[in-house]
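# Descriptive analysis of the structure
This is what each chain is made of:
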Amino acid sequence: MKTEENKMSISVVYWSGTGNTQAMAEAVAEGIRKAGADAAVIEVSEADAGALSGEESFALGCPSMGAEQLEESEMEPFVAELEPLVSGKKILLFGSYGWGDGEWMRDWAQRMKEAGAVLVREEGIIANEAPDEETLEECRAAGKELAENR
């Protein structure tokens, strides 16, 4: 998506139930902006997979739900629609969890790699419950890397 200054905007699309993944999305956007790019933080309910597929790079965030899976009513259908469109795209995955060991993120990362995406963080960025400052800093660094390596 082009902005008025003709800089490319990088979308950070997320679903958050408690605000933890939203905090991570905001930190990713901070990193993108530190690298000199524009960031658009978008709740998945407002996102358009077709439009996102036109971007070279973007970030996707979702917490672990149920038996370590993506949120089913909004995020999973969005990812399923986006999946055939991600080949060659640089993607950052992130999210929080309250139980388990991060299996949902490993599965999601593998799914995106199999669809041809190039992941900025091989296994995504995960936070147990609310992200601490170290995790938020990792999100900022990954956002910066996403913007710099377009």
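For the structure, see preceding data.
Residues numbered from 1 in each chain as written. Predicted model: local features only at pLDDT ≥ 70, side-chain atom pairs only at ≥ 80, totals over all residues. Heavy atoms only, no water.

Below, the discussion takes up the overall build of the protein. Looking only at helices and strands, one finds 5 helices and 6 strands in the protein. Seen in sequence order, the protein has helices and strands lined up from the N terminus as β-α-β-α-β-α-β-α-β-β-α. For the protein, the C-alpha radius of gyration of 14 Å lies close to 15 Å, the compact-globule estimate for 150 residues. For the protein, restricting intrachain contacts to residue pairs at least 6 apart in sequence, the fraction spanning at least 24 positions comes to 76%. (Helix = DSSP H or I, 4+ residues; strand = E, 2+ residues; numbered from the N terminus. Rg over C-alpha atoms; globule rule 2.2 N^0.38 Å. Contact = heavy atoms within 4.5 Å.)

A few words on the nonpolar core. If you look at the biggest cluster of nonpolar residues, it comprises 24 residues, and the most contacted ones within it are Leu60, Leu93 and Trp108. Where this core is concerned, the elements lending two or more residues are α2 (49–52), β3 (57–61), α3 (75–82), β4 (90–97) and α4 (103–114). Take this core: its biggest share by element is 5 residues, from α4. Grouped together as the second largest cluster of nonpolar side chains are 22 residues, Ala27, Ala29, Ala37 and Val120 included. (Core = buried A, V, L, I, M, F, W, Y, C linked by side-chain atoms within 4.5 Å. Buried < 20%, exposed > 50% of the residue type's maximum accessible area, 1.4 Å probe, protein only.)

Three- or four-residue spacings in an α-helix give side chains the same orientation, since the helix completes a turn every 3.6 residues. All of the buried residues in α3 are Met75, Phe78, Val79 and Leu82. Along α3, the residues classed as buried sweep out an arc of 95° about the axis, all on the same side. Where the residues of α3 are buried, they touch β1 (9–14), α2, β3 and α4. (Arc of directions from axis to C-beta.)

Evaluated as defined, the whole model comprises 10 salt bridges. In this structure, the salt-bridge partner of Arg111 is Glu76, at a minimum N-O distance of 2.9 Å. With Arg111 in helix α4 and Glu76 in helix α3, this pair connects stretches of sequence that are 35 residues apart. A relative accessible area of 26% means that Glu76 is categorised as partly exposed. (Salt bridge = Lys/Arg side-chain N within 4 Å of Asp/Glu carboxyl O.)

With that settled, consider the environment of Gly124. With respect to the helices and strands, Gly124 occurs in the loop between β5 (118–119) and β6 (125–128). The sequence separation of Gly124 and Gly61 amounts to 63 residues, and the corresponding C-alpha distance is 9.4 Å. Beyond its immediate stretch of four places on either side in the chain, Gly124 contacts Leu93 and Met105.

Quick look at the environment of Val41 now. Relative to the helices and strands, Val41 resides in strand β2 (residues 38–43). With 27 residues separating them in the primary sequence, Val41 and Tyr14 have C-alpha atoms 7.9 Å apart. Those residues in contact with Val41 that lie beyond four places of it in its chain are Val12, Tyr14, Ala25, Glu26, Ala29 and Arg33.

This part takes up the environment of Thr18. You can see Thr18 is positioned in the loop between β1 and α1 (20–34). The exposure class of Thr18 is exposed, given its relative accessible area of 70%. Among the polar contacts made by the side chain of Thr18, one reaches the side chain of Asn20 at a distance of 3.3 Å. (Polar contact = N/O pair within 3.5 Å; in protein donor to acceptor, adjacent residues only side chain to side chain.)

Next up on the list: helix α5 (residues 133–148). With 16 residues, α5 should reach 22 Å at 1.5 Å per residue; the first-to-last C-alpha distance of 22 Å fits that figure. Taken residue by residue, α5 has Thr135, Leu136, Cys139, Arg140, Ala142, Gly143, Leu146 and Ala147 as its buried positions. Viewed along the axis of α5, the buried residues span an arc of 165°, placing them on a single side of the element. Packed against the buried residues of α5 are β1, α1, β3, β4 and β6. (Expected span 1.5 Å × (residues − 1).)

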